[in-house]
Amino acid sequence: MELVEFEASREIHPVDVIEQVAHANEWSFERSNDDEISITVAGLWTEYQVSFSWMEDFEALHLACAFDLKVGEPRTLEVMRLLSMINEQMLFGHFDLWEQEGAIMFRQSLLLAGGAEPTSKQVEGLLSNALEACECYFQAFQFVVWSGTPAKDALASVLFETKGNA
C-alpha cells in the first residue's frame with residue numbers, strides 16, 4: 001500500500017487563532033515570530049507561562065506550560081516519582097521535568113494534519129486543560145520540592161475530596 005502525499009494549504013495560521021483568543025481574554029502575550037506565542041496567565045497558586053508553537057513538520061500545535069518552581073538535584077528522584085504517578089492519571093497531556101533547568105512543565109499537542117484549522121474552542125480547551133492540570137498538581141510539586149514530602153503523600157494531599165457541607 002502506497003500513501004499519496006497531500007499538500008494542504010491553510011487559510012489562517014494556527015498561532016493567529018491563539019493570538020485572537022489571548023487578545024479577547026485580555027491576557028498578556030508576546031509573539032516572538034510567526035510560529036510562536038507566549039501568554040502569561042495568573043492562576044490561584046502562581047503565574048503560568050504558556051507557550052504555543054506551530055510545528056509545521058508535524059502539523060501540530062504544541063503547548064508548553066511552565067511555572068516558577070525549581071527542582072534541585074536532591075529532590076529530582078522524588079519529583080520524577082510524582083510525575084509518574086500524576087501522568088498515570090492524565091487523559092490529555094503530561095508533565096515533564098527538564099533536569100538541566102530544574103523546571104517542571106505541562107505539555108500537550110493538537111494535531112492538525114491535512115490542513116485542519118484550529119478553532120478558538122479547541123485553543124481554549126487546550127489552554128484550559130493545561131491550566132487545570134497545573135492548578136490541580138502545583139501544590140503537590142511544592143510539597144515534594146520545598147518540604148521534602150514523599151511523592152505518594154504529596155499527591156494524596158491534593159487529590160482529597162471534600163464531602164458534605166459545614
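A brief look at the structure comes next. Note that this is a predicted model, so its numbers are computed, not measured. (Residues numbered from 1 in each chain as written. Predicted model: local features only at pLDDT ≥ 70, side-chain atom pairs only at ≥ 80, totals over all residues. Heavy atoms only, no water.)

1. A look at the sheet that holds strand E1 (residues 28–33)
Working definition: the strands of a sheet are paired by backbone hydrogen bonds and lie parallel or antiparallel to each other.
Next up, step 1: Strand order in the open sheet made by the six strands is E1-E2-E3-E4-E6-E5, with antiparallel pairing throughout. Each of the sheet's edge strands pairs with one partner strand only, and the pair in question is E1 and strand E5 (94–98). In this sheet, neighbouring strand axes are inclined to one another by 25° on average, regardless of whether the strands run parallel or antiparallel.
Next up, step 2: Note that E1 and strand E2 (residues 36–42) share four bridges and pair antiparallel. Across the sheet, the residue bridging to Glu30 is Ser38, located in E2.
Next up, step 3: Its contacts with the sheet place helix H2 (residues 76–89) against E5 and strand E6 (103–111), and it is angled at close to 165° to E5.
Next up, step 4: In the packing of helix H3 (residues 120–147) onto the sheet, contacts are made with E2, strand E3 (47–55), strand E4 (60–70), E5 and E6, and the angle to E4 comes to roughly 25°. (Pairing = 2+ DSSP bridges. Helix = DSSP H or I, 4+ residues; strand = E, 2+ residues; numbered from the N terminus. Axes fitted to C-alpha atoms, helices over the stretch in contact; angles between N-to-C directions. Contact = heavy atoms within 4.5 Å.)

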